[in-house]
Amino acid sequence: MNQFSLKAKLFFGPQAVEHLSSLACTNVLVVTDGFLQESGMVSKMTQYLPSGAHVSVYSNVRPDPSQELVDAGVEMIFGVKPDVVIAFGGGSCIDATKAILYFAGQKGLAHPYFLAIPTTAGTGSEVTNFAVITRGDTKVALIDDALAPDGALLDASFTRSVPPKITADTGMDVLTHALEAYVSNQATTFTDALAVKALRVVFEDLPVVFHDGDAMRARGRMAEASCVAGIAFTNAGLGINHSLAHALGGRFHVAHGRLNAILLPYVMRFHMADSKYREPYDRCARELGMADAEDLLRHVIDLRAELGVEDRLADLGSIDAGAFEEHVGDMAEAALGDRCTPTNPRPVSRQDLVNLYRDAYNG
Ligand code: NAD
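Conventions used here
- Residues numbered from 1 in each chain as written.
- Predicted model: local features only at pLDDT ≥ 70, side-chain atom pairs only at ≥ 80, totals over all residues.
- Heavy atoms only, no water.
- Helix = DSSP H or I, 4+ residues; strand = E, 2+ residues; numbered from the N terminus.
- Rg over C-alpha atoms; globule rule 2.2 N^0.38 Å.
- Buried < 20%, exposed > 50% of the residue type's maximum accessible area, 1.4 Å probe, protein only.
- Contact = heavy atoms within 4.5 Å.
- UniProt positions renumbered as here; feature names shortened; annotations may be inferred.
- Patch = residues over 30% accessible without salt bridge, like charges linked within 9 Å, V, L, I, M, F, W, Y side chains within 5 Å.
- Areas by Shrake-Rupley, 256 points an atom, 1.4 Å probe, with all protein chains shown as cover.
- Salt bridge = Lys/Arg side-chain N within 4 Å of Asp/Glu carboxyl O.
- Core = buried A, V, L, I, M, F, W, Y, C linked by side-chain atoms within 4.5 Å.
- Pairing = 2+ DSSP bridges.
- Axes fitted to C-alpha atoms, helices over the stretch in contact; angles between N-to-C directions.
- Near = heavy atom within 4 Å.
- Polar contact = N/O pair within 3.5 Å; in protein donor to acceptor, adjacent residues only side chain to side chain.
- Domains from an automatic or database assignment.
- Buried area = accessible area lost by both parts, 1.4 Å probe.
- Nonpolar A, V, L, I, M, F, W, Y, C, P; charged D, E, K, R; others polar.

A. Broad picture of the overall build of the protein chain. Along the protein chain, the regular secondary structure elements total 13 helices and eight strands. The C-alpha atoms of the protein chain give 20 Å as radius of gyration, which agrees with the globular expectation for 363 residues (21 Å, within 12%). Along the three orthogonal principal directions, the C-alpha set of the protein chain runs to about 60 × 45 × 40 Å. Split into buried and exposed, the 363 residues of the protein chain put 59% on the buried side. The long-range fraction of contacts in the protein chain, counting pairs at least 24 apart against all pairs at least 6 apart in sequence, stands at 80%.

B. Spatial organisation of the UniProt feature "domain: Alcohol dehydrogenase iron-type/glycerol dehydrogenase GldA" (unreviewed entry) in the protein chain. The UniProt record marks residues 9-155 with the feature "domain: Alcohol dehydrogenase iron-type/glycerol dehydrogenase GldA" (unreviewed entry), using the residue numbering of this structure. Along residues 9-155 one finds 28% helix and 31% strand; the C-alpha atoms at either end are 14 Å apart.

C. Up close: the UniProt feature "domain: Fe-containing alcohol dehydrogenase-like C-terminal" (unreviewed entry) in the protein chain. The sites that carry the UniProt feature "domain: Fe-containing alcohol dehydrogenase-like C-terminal" (unreviewed entry) are, in the present numbering, residues 167-361. In the segment residues 167-361, helix accounts for 75% and strand for 0%; the C-alpha atoms at its two ends are 23 Å apart.

D. Representation of a nonpolar patch on the surface. Taken together, F4, L6 and F190 make up a surface patch of nonpolar side chains, about 300 Å² in accessible area. Here F190 is to be found in helix 6 (residues 189-211).

E. Focus on the nonpolar core. The biggest cluster of nonpolar side chains holds 75 residues, and the ones touching the most others in it are L175, L296 and Y357. Discounting residues that sit within four places of it in the chain, L175 has contacts with L199, V202, F203, L264, V300 and L303. Counting residues in each nonpolar core, the second largest holds 28 residues, with I94, Y102, A104 and L109 among its members.

F. Examining the sheet that holds strand 4 (residues 84-89) more closely. On the basis of which strands lie adjacent, the open sheet formed by six strands has the order 1-8-5-4-2-3 and parallel pairing. Taken across any chain shown, the strands that pair with only one partner, and hence form the sheet edges, are strand 1 (9-11) and strand 3 (54-61). Direction aside, neighbouring strands of the sheet carry axes that sit 20 degrees apart on average. Bridge count for strand 2 (residues 27-33) against strand 3 is six bridges, and the pairing is parallel. Looking at the pairing, N27 lines up with H54 of strand 3. In the packing of helix 3 (residues 67-80) onto the sheet, contacts are made with strand 2, strand 3 and strand 4, and the angle to strand 3 comes to roughly 170 degrees. Against the sheet, helix 4 (residues 91-106) engages strand 2, strand 3, strand 4 and strand 5 (113-118), with an angle of about 155 degrees to strand 4.

G. Highlighting the site of the ligand. What surrounds the ligand is a group of 29 residues, the closest being D33, S92, D95, T119 and T128. Interatomic distance of 2.8 Å between a side-chain N/O atom of T119 and a nitrogen atom of the ligand. Within the side chain of S125, one N or O atom sits 3.2 Å away from a nitrogen atom of the ligand. Protein contacts shield 90% of the accessible area of the ligand, which totals 870 Å² for the unbound molecule.

H. The arrangement of the domain arrangement of the protein chain in detail. When cut into domains, the protein chain gives domain 1 (9-159) and domain 2 (164-362). Averaged C-alpha coordinates put domain 1 and domain 2 at centres separated by 25 Å. At the interface, 23 residues of domain 1 touch 29 residues of domain 2. Surface buried jointly by domain 1 and domain 2 totals about 2,200 Å² across both partners, of which 61% is contributed by carbon and sulfur atoms. Of all residues in domain 1, A121, D137 and K139 give up the largest surface area on contact with domain 2, accounting jointly for 24% of the area buried on that side. One salt bridge connects D137 with R251, and the closest N-O pair in it is separated by 3.1 Å. Mapped by element, the contributors of at least two residues to the side of domain 1 that touches domain 2 are strand 6 (130-135) and strand 7 (138-143). With four residues, the top contributor of residues to the side of domain 1 that touches domain 2 is strand 7. When the residues that make up the side of domain 1 that touches domain 2 are grouped by side-chain class, the tally is ten nonpolar, nine polar and four charged.

Take a look at the structure:
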């Protein structure tokens, strides 16, 4: 039996931010990061809240949020006892908020209204039942419907300040979500339709926003594509591209979207080497008006190059060859056990994942 669900009510379009003024709230907690707080973006958002609401801000979130940061958030939320919680930021802020509410809920906190406002166009976390947190050197994907926000507010003006490199990383994350959802062994007609729409937007609008961060129509389309891809993968699941990126990111702390972008052509070739697993890529390519799977792969490689993404992990310069070899077996083990691996189209062994890591490192 297949299922399709979307928990969050979506607020989007030019007046979306006005949803904030209609919130029934007296005690609001905003979970965000230091940059968004200090740059004034948090107050730009909270000015729309009802005037009587008391607002507390927890701005300790960092990229790849750790379990310790989440635990501190759990302690803090019992002190604040908010009736509304707003996650404001990129995937790291939204995931940290999800995990804080999840673990606080297990300790008896009554569930407040949970609204997510993404400030990057990348993870789709505002609509997914995933949260990725880092425990030691490992990024762990929590997957539970209880994690999903109650509402998601898309306002592309909050993404306008994202610099080109992060625009590239997060945009390639959208592409990876959509493509992994499309080829997933749990894909359905519904998730395929969403994935193809997101892919069309990424190929068209990601180069535009990369070259011109003020291109607000394209920013708006990318914000929606990120959310659309999130709805696709929260229903269809992801695959080993994400499993490999999680284990690598936990160890070496490179931006998640960049790792996905570097790994993607290697993972596509691994699947396409067998005609059975090449078939969904051929189908996806045709839906996008491309000739076949090879043509789709060429488009991915060309887009990556246009965005200045490295071809090989070695080219990042931040992953030492010795440290990589020392940890490649452990990372493959972690990737094999990652929650994204069971929905990968092609069954994989630990050795397949070691080989993929080495291919992606050396090119
Ligand atoms: P991020 O949240 O880690 O943010 C990256 C950087 O961008 C930070 O320094 C942040 O301050 C900055 N930033 C955010 N918004 C900005 C803005 N408007 N202007 C300028 N700078 C801004 O990056 P991300 O790619 O959005 O999230 C990545 C995290 O999300 C990873 O931990 C990844 O594993 C996780 N993830 C979660 C899901 C999910 O479904 N829950 C899906 C994919 C990825």
